[in-house]
Amino acid sequence: MADDLRQRVATELERTRRRSAVLTDAVDDGDLVKQHSPLMSPLVWDLAHIGNQEELWLVRDVGGREPVRQDIDHLYDAFKHARRDRPALPLLGPAEARAYVAQVRDKALDVLDRVRLEGRQLIDNAFAFGMIVQHEQQHDETMLATHQLRVGPAVLSAPPPPEAQARVGGEVLVPAGSFTMGTSTEAWALDNERPAHDVFVDAFHIDVAPVTNAQYAAFADDGGYDDERWWTTEGWRHRQEAGLVAPLHWSRDPSGWLATEFGRTAPIVPDAPVVHVSFHEAKAYATWAGRRLPTEAEWEKAARFDPASGRSRRYPWGDEDPGPEHANLGQRHLSPAPVGAYPAGASPLGVHQLIGDVWEWVDSDFAAYPGFTAFPYREYSEVFFGPDYKVLRGGSFGTDPAACRGTFRNWDYPIRRQIFSGFRTARTPEPA
Ligand code: AVJ
Ligand code: FE
């Protein structure tokens, strides 16, 4: 049992490192140390930060071993230096960073071989390894967003996403009632997903699919960006200051809207979910459409609640881990898939593509669930709770299955859109 678990963890660490290598080997040293956007770290920072976190958590904490490079801890502490300031730090260079992460990995695997995985230590130690896998995957998604901002010829490639297999659209009614939100049993769930708790949710309608490029283009083409009525006060101020006219990476062409993805420019795919919109843009679209964004509880109920059994599932399709038939995850493709491409991933109420494709903004601040306790450290989630951050749910095409669950919560500032962010809309039924 313990050896099985050791093998699974080693496989996950290895698989995840291959992804980090793809993202950092695809570009030359100049591109690794360069800042592609003030919103992002140089890729070489993410790489060494991945190693430093693994050193802190697995080598020093779980393993009780001597530090490998205590002298560099401060350079890779995300709270010490803002992303925009990181290129000026005396960072490890590409070759040094690669050697460092490999050295840390050797030690972490040695810790994994010897660590106790029984009883209470099973939970704590296995979680530490699971958390490190998720942490690396999260930074891999961040590095993928950096690649999206990089200017120059394409260096990443992947097969196109599957085509639509079913015609999906419109909305479904989710009946009023309580459901279980969050989890107390999911082994790798982070502190902010815990504990499981019952939430009563009034009846609501929710879109069967994320808002598509064609739908979003209709808003832009209708002058949505120039009409203050659709925007919140804060959203309108940001739209004015930032000069927003379309999603990030869109451009206007006589033939219509184009989008640039990982160095390739092509007409927008009409029936694929819109990506690279901020919370403010998502909310303005919803208001223009006579609708609203779902709350976080509504989103999770639509994603997990099974009316037949009354229980919440791990994923919309059931309790099985995600497979390629369920959802567009893990950088298997380099763009969201058209709506209707994943009928096997739909929820019992018939809501599609809740997991994968695009992170979905919900109209909720990032807040603690009742009974929350910070684990393993306050800086993972607790310091971000409050009105500054909005929640995103469901994961994107760039999110690995290890870092994506029906309960997984992401968060960001409402102005951010360099992440793979989209949305779907909802509405409250009219009183009978
Ligand atoms: C959960 C994606 C908001 O990238 O800031 C990475 C994840 N935390 N290292 C982030 C994270 C620490 C986090 N997000
Ligand atoms: Fe990190």
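Under an unreviewed UniProt entry, the name given to the protein chain is Hercynine oxygenase, and the organism recorded is Dactylosporangium fulvum. Recorded in UniProt for the protein chain, the comment headed Sequence similarities (unreviewed entry) runs: "Belongs to the EgtB family."

**Topic: empty space enclosed by the protein**
Inspection of the entire model under this criterion finds two cavities of 30 Å³ or more. Within this model, the largest cavity holds a volume of roughly 50 Å³. Every residue lining the largest cavity is listed: H147, R150, G152, P153, A154, V155, L156, F262 and G263. Of the residues belonging to the lining of the largest cavity, the class tally is five nonpolar, three polar and one charged. Approximately 40 Å³ is the volume found for the second largest cavity. When the residues that make up the lining of the second largest cavity are grouped by side-chain class, the tally is four nonpolar, three polar and no charged. Mapping the lining of the second largest cavity onto the domain boundaries places at least three of its residues in each of domain 1 (2-149) and domain 2 (160-432).

**Observations regarding the sheet that holds strand β9 (residues 386-393)**
Read across the sheet, four strands follow the order β10-β9-β8-β11 without closing on themselves; strand pairing throughout is mixed. Across the chains shown, the open sheet's two edge strands, defined by having one partner strand only, are β10 (409-412) and β11 (421-422). Judged from the four bridges that link them, strand β8 (residues 359-366) and β9 form a sheet pairing that is antiparallel. Each residue of the ladder has a partner; that of W361, found in β9, is L392. Running at roughly 100° to β8, helix α8 (residues 279-288) makes contact with β8 and β9 of the sheet.

**Remarks on the packing of helix α1 (residues 2-25) against helix α4 (residues 94-114)**
α4 packs onto α1 with a crossing angle of 175° between their chain directions and a minimal axis gap of 11 Å. In terms of orientation, α1 lies roughly antiparallel with respect to α4. Facing α1, whose interface residues are R6, V9, A10, L13, E14, R17, T24 and D25, α4 presents R98, V101, R105, L109, L112, D113 and R114. Tallied by class, residues from the contact of α1 with α4 come to six nonpolar, one polar and eight charged.

**Some words on the pairing of β9**
Two elements, β9 and β10, share four bridges in a ladder whose sense is antiparallel. Across the sheet, K390 pairs through a bridge with D412, a residue of β10.

**Quick look at the sheet that holds strand β12 (residues 426-427)**
The strand order β1-β4-β12 describes an open sheet built from three strands, whose pairing is antiparallel. Two strands in the sheet have a free side with no partner beyond their single neighbour: β1 (171-174) and β12. Looking at chain direction, strand β4 (residues 204-207) and β12 are connected through two bridges and run antiparallel. Across the sheet, H205 pairs through a bridge with R427, a residue of β12. Helix α9 (residues 296-304) rests against β1, β4 and β12 of the sheet, and its axis sits at about 70° to β4.

**Digging into the domain arrangement of the protein chain**
When its domains are assigned, the protein chain resolves into domain 1 (2-149) and domain 2 (160-432). Contact residues are listed per partner, giving 26 residues for domain 1 and 33 residues for domain 2. Summed over both partners, the interface of domain 1 with domain 2 comes to about 2,400 Å²; 64% of that surface belongs to carbon and sulfur atoms. Together, F127, Q134 and Q148 form the three largest contributors to the area buried by domain 1 at its contact with domain 2, with a combined 27%. Inspection of the region where domain 1 meets domain 2 yields one salt bridge. Ionic pairing is found between D400 and R15, a salt bridge with its closest N-O pair at 2.8 Å.

**With respect to the packing of aromatic side chains**
Taken as a whole and judged by the stated rule, the model has 32 aromatic pairs. Cluster of aromatic residues (ring-pair linked, three or more members): W57, F79, F366, F372, Y377, Y380, F384, F385, Y389, W411 and Y413. Sitting over the ring of W45, R86 keeps its end group 3.8 Å from the ring centre. Between R252 and the ring centre of W257, over which it is positioned, the NZ or CZ distance is 4.2 Å.

**Examining the pattern of salt bridges**
Pairing is possible between side chains of opposite charge, provided their charged atoms come close. Applying the stated rule across the entire model yields 38 salt bridges. Its salt-bridge partner being R17, residue E54 comes within 3.2 Å of it at the nearest N-O pair. Of this pair, E54 sits in helix α3 (residues 43-62) while R17 sits in helix α1, and the two are 37 residues apart along the sequence. Among the salt bridges present, the one from E296 reaches R393, with a minimum N-O distance of 2.7 Å. On the criterion of sequence distance, the pair formed by E296 in helix α9 and R393 in strand β9 is long-range, its members being 97 residues apart.

**Let's talk about the environment of W359**
Along the chain, W359 turns up in strand β8. Distance in space between the C-alpha atoms of W359 and S396 is 5.0 Å, their sequence separation being 37 residues. Side-chain polar atoms of W359 contact the side chain of T399, separated by 3.4 Å.

**Some remarks on the packing of α1 against helix α5 (residues 119-149)**
A pair of packed helices can be characterised by two numbers: the angle between their axes and the separation between those axes. Contact geometry of α1 with α5 gives a least axis separation of 10 Å together with a crossing angle of 15°. Relative to α5, the element α1 lies roughly parallel. The hand of the α1/α5 crossing is left-handed. When α1 is examined against α5, the residues L5, V9, E12, L13, R15, T16, R17, R19, S20, L23 and T24 are found in contact with a partner set consisting of L122, A126, F129, I132, V133, E136, Q137, D140, E141, M143, L144 and H147.

About the cut-offs
Residues numbered from 1 in each chain as written. Chains lettered and ligands numbered in written order. Predicted model: local features only at pLDDT ≥ 70, side-chain atom pairs only at ≥ 80, totals over all residues. Heavy atoms only, no water. UniProt positions renumbered as here; feature names shortened; annotations may be inferred. 1 Å grid on protein atoms, 1.4 Å probe; cavity = no way out; pocket = protein on both sides within 12 Å on 5 of 7 lines; lining within 4 Å. Points joined across faces, edges and corners; volume = space filled by probe spheres on them. Nonpolar A, V, L, I, M, F, W, Y, C, P; charged D, E, K, R; others polar. Domains from an automatic or database assignment. Pairing = 2+ DSSP bridges. Helix = DSSP H or I, 4+ residues; strand = E, 2+ residues; numbered from the N terminus. Contact = heavy atoms within 4.5 Å. Axes fitted to C-alpha atoms, helices over the stretch in contact; angles between N-to-C directions. Parallel < 35°, antiparallel > 145°, perpendicular 65-115°, else oblique. Buried area = accessible area lost by both parts, 1.4 Å probe. Salt bridge = Lys/Arg side-chain N within 4 Å of Asp/Glu carboxyl O. Phe/Tyr/Trp six-rings, centres within 6.5 Å; stacked < 30°, edge-to-face > 60°. Lys NZ or Arg CZ within 6 Å of the ring centre and 35° of its normal. Polar contact = N/O pair within 3.5 Å; in protein donor to acceptor, adjacent residues only side chain to side chain. Left-handed = near helix turned anticlockwise from the far one by under 90°.

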